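Coordinates in review
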Amino acid sequence: MHEKIFEKIEMEKNQTGNIEFFLGEKEMKSFMLPEFIIERSDERCIRCRVCERQCPEGTHRYDGELDMMFHAEEKCVGCQRCAVFCPTNALIVRPHPSQYRPNANWTREKLQDLKKQAETGGVILTGSGNDKPYRIYWDHLVLNASQVTNPSIDPLREPMELRTFLGRKPDSLEIKIGEDFEGVEIQSELFPNVMIETPIVFSAMSYGAISYNAFKSLAMAAKEYGTLFNTGEGGLPISLRDGYGSSAIVQVASGRFGVDPDYLNVAAAVEIKIGQGAKPGIGGHLPGEKVTEKISETRMIPEGTDALSPAPQHDIYSIEDLSMLIYALKEATNYEKPVSVKIAAVHNVAAIASGIVRAGADIVAIDGLRGGTGAAPKIIRDNVGIPIELALAAVDKRLREEGIRNKASILIAGGIRNSADVIKAIALGADAVYIGTPALVAMGCTICQKCYTGRCSWGICTQDPYLTRRLNPEIASKRLVNLLRGWSHEIKEMLGGMGINAIESLRGNRDHLRGVGLEEWELNVLGVKGAGE
Amino acid sequence: MVSGLSLRDMFLEGVRPIEKLLRYVEIEDDRAIIDASELKHKEVNDLLRYVALKHVTKVDLVNVVGQRYIGTRLHIPNPSPKLEIHIQGTPGNDLGAFLDRHRIIVHGNAQDGVGNTMDDGEIVVYGRAGDVVAMSMRGGKIFIRDNVGYRTAIHMKEYVGKIPILVVGGTAQDFFGEYMAGGRVILLGLNLKEGERHKAHYIGTGMHGGIIYLRGKVEDYQLGKEVGILKLEEEDWKFVERQVEQYCNYFGANKEKIMEGNFIKLVPVSRRPYGKIYAY
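Report follows, based on the coordinates. Predicted, not measured: the structure shown is a model, and the values here were computed from it.

What follows concerns the overall build of chain A. Each helix and strand counted, chain A has 18 helices and 23 strands in total. Relative to the compact-globule value of 24 Å for 533 residues, chain A shows a C-alpha radius of gyration of 26 Å, a close match. Across its three principal axes, chain A shows a C-alpha extent of roughly 100 × 55 × 45 Å. Of all 533 residues assigned to chain A, the portion counted as buried reaches 57%. Here chain A has roughly 22900 Å² of accessible surface; of this, 52% comes from carbon and sulfur atoms. Distance between charge centroids for chain A: 4 Å, based on 61 positive and 69 negative side chains.

And the structure:
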């Protein structure tokens, strides 16, 4: 067989001078090692060419003459699409075993990045959240359960409340009770709040970063389950406004894409995006090739133009300016919607959050070090910001100390992986959590981190119609609803185990948390005791 | 420790219900006069909304003393009224922010944020305006008789037929047209002396859409590196002339004299100024 292949290489070389496919030769020979190795069982392979069709990178290739499948491993991003869709399970895709000399300092990733930059001179892009081994505090916090002295509650038999209200709460609640205890009336002034059935909200992912079908799937699932999705800063397509506006948090970011009075008014809440956990302090560039006709219509910018979101919002250079925009949005929405302000978790997050609440925000959203992204410079994603657990604990503590915790809900994002993370976040003081990556994974994502290429084989993070068709909103939204249902049920079980029947009673209740394997300063910041204490 | 109860809401404290505000408004058929001298910004918009729903089409808003967001809360899809608001006094920041089809005429100066993310309608200022005029403006027109401040026309946009237009009679400060993604901006420099250059530096930095028509002198070093200088084509002259004519109608300047001036056209050199900085 090998002889035959060499023969063929020779033939192609002679005929066309093109040996690129076989030798990966380009203008400048790349010194990069392939990231993945593809192992194909020739016995199992039936030459159906599914892998070839499924791979947007062009990794697989069928040679009719030889009746053989070939692959160019250097193109493989490890998304596992081919392996999942191979009808005979003939494919194994795994990290490439070839190694440079082991070196704790100069890791393979660092070397590869250096080579890539030497070959391109560019800023290295990446997608998804920070993958570096920073301490994951969720994994060092354990939950409590009732034993003997306090009965646990069985959520299968007893009502369990996960319903959550996002928005400003009054300083005190005055109630007027009519004669004979009839007609109870709330006398205090109430502020606009949004009700969600579970404390889980889909993170901001814009139409543009993700496909229309992925965007719509999130909208459909949020609506069906009674929670919210976040439009990100790419606008809300007109076709989705009537149906899903009331389940949307609409973003106003530095690019102000697609922000019109109707967009603001159809939504459940409005969010000012200051920063993102994956790229604190920098803006975003949606490359022109992703600005298709539909996206240009939704963002209201010309087709093919880069959609540039500058790093700052140019009307916000201070807390006072932020306050001005918060109230501009309250004005624009007739004081009917809560206004959220989303920031990245950075060093002085507690003081900044206090300023945000004092500026009039009804929700403070904080996105941590591990927050995801469709595209960000890797150097920033991996090195800027602080873990969300510490940021959340610091913000909740600060707002309590200042007596303004009731004035805003806290929504956190960046690194929530399962229902235990959700419940721990709530015990640390969050009102609800944003989930981005888990929702994408539910739709098929395998966190290959290549979102920025626009060639997502799962049809999520792409605008290529051949690929976006792979995601059926009816099915994907069902998966998302299943995820919400599964997590919500787990949360109820854990709550019941603690003897609590309403999520409200757990909020900021750090007594239900203990730390394991944490330093004293970490316990202090988190405001939890060590296990056994 | 600070008590939360002492947290003052600078915007909403002491805001009165609409019933108590009616003494500040007089309505006669489709006209109304609102005396803003004792009103908070929310109260001004409460009354504007009130009169809009009473089928008023022209409002005189007098004694305005820095109230913000005038006209912002007039997105009323049904029955979709359209107001013409004449402002006497000085409106505060974010005049006409997110404006929806209405007309605002300021008989005096305006402050920062005029037409912030404005969607449609028209704002005419018989005077000067502060910083960030027309930021992220998406549609409609703004005419400013005199100068504007820093960061004017930042990230203006356009989409197919919806093209925002900003005409400034005087000059502008730095970062004029930064990150511009669409729209048309005309800077006339009428108050510059003979041979005096425009004030702004970093004109059109990061610009990737839209057109700036600039009359008068500007040095190369004042321009961002993402802008190219072109001569005006016939279409451009026609467009500029139409806007200048309107400017003169409003402010009484001499159109012929303005059109005799030296115009240049600034356009982005690329619709993708930062397309090449990344390694994929």
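Moving on to the pairing of strand E8 (residues 165-168) of chain B. Residues in a regular strand project their side chains so that they alternate between the two faces of the sheet. All names here are of chain B. Burial of the side chains of E8 extends over both faces: Ile165 and Val167 are buried on one face and Leu166 and Val168 on the other. Summarising the sheet, strand E7 (residues 141-144) and E8 pair through 4 bridges and their orientation is parallel. Each residue of the ladder has a partner; that of Ile142, found in E8, is Leu166. In this structure, E8 lies alongside strand E9 (residues 181-187), joined through 4 bridges in parallel fashion. Residue Val168 lies in a different strand from E9, and its bridge partner there is Leu187.

Within the largest apolar cluster, 117 residues are counted, with the highest numbers of intra-cluster contacts made by Phe202(A), Phe229(A), Leu264(A), Ile366(A), Ile412(A) and Ile460(A). Not counting residues up to four positions away in its chain, the partners in contact with Ile366(A) are Ile343(A), Ala345(A), Val349(A), Ile388(A), Ala391(A), Val395(A), Ile410(A), Leu411(A), Ile412(A) and Ala413(A). Ranked by size, the runner-up nonpolar core spans 57 residues in total, among them Val114(B), Met156(B), Leu187(B) and Val218(B).

This brings us to unusual backbone geometry. For the bond from Asn78(B) to Pro79(B), the omega torsion is 20 degrees, close enough to zero to count as cis. At Asp180(A), a position not held by glycine, the phi torsion is positive, near 55 degrees. When you line up the elements, Asp180(A) lands in the loop between strand E8 (175-176) and strand E9 (185-186). When its relative accessible area of 68% is taken as the criterion, Asp180(A) is described as exposed.

A few words now on a negative patch on the surface. Residues and elements named next belong to chain B. Together, Glu26, Glu28, Asp29 and Asp30 make up a region of like negative charge exposed at the surface. If you trace the backbone, Asp29 turns up in the loop between strand E1 (25-28) and strand E2 (31-35). Residue Asp29 is classed as exposed on the basis of its relative accessible area, which comes to 68%.

Residue and element names in this part refer to chain B. Across the 6 residues of strand E12 (residues 263-268), 6 count as buried, placing the element largely inside the fold. Here E12 shows two buried faces, one formed by Phe263, Lys265 and Val267 and the other by Ile264, Leu266 and Pro268. Where strand E11 (residues 227-230) and E12 come together, 4 bridges link them in antiparallel fashion. Within the sheet, the bridge partner assigned to Gly228 lies in E12 and is Val267.

Residue and element names in this part refer to chain A. With respect to the helices and strands, the residue Ser217 is situated in helix H6 (residues 212-225). Sequence-distant contacts of Ser217, that is, excluding residues within four places in its chain, are made with Met443, Leu471, Pro473, Ala476, Ser477 and Leu480. Among the polar contacts made by the side chain of Ser217, one reaches the main-chain carbonyl oxygen of Asn213 at a distance of 2.6 Å.

Conventions we followed
Residues numbered from 1 in each chain as written. Chains lettered and ligands numbered in written order. Predicted model: local features only at pLDDT ≥ 70, side-chain atom pairs only at ≥ 80, totals over all residues. Heavy atoms only, no water. Helix = DSSP H or I, 4+ residues; strand = E, 2+ residues; numbered from the N terminus. Rg over C-alpha atoms; globule rule 2.2 N^0.38 Å. Buried < 20%, exposed > 50% of the residue type's maximum accessible area, 1.4 Å probe, protein only. Areas by Shrake-Rupley, 256 points an atom, 1.4 Å probe, with all protein chains shown as cover. Lys, Arg positive; Asp, Glu negative; His and termini not counted. Charge placed at Lys NZ, Arg CZ, Asp CG, Glu CD. Pairing = 2+ DSSP bridges. Core = buried A, V, L, I, M, F, W, Y, C linked by side-chain atoms within 4.5 Å. Contact = heavy atoms within 4.5 Å. Patch = residues over 30% accessible without salt bridge, like charges linked within 9 Å, V, L, I, M, F, W, Y side chains within 5 Å. Salt bridge = Lys/Arg side-chain N within 4 Å of Asp/Glu carboxyl O. Polar contact = N/O pair within 3.5 Å; in protein donor to acceptor, adjacent residues only side chain to side chain.

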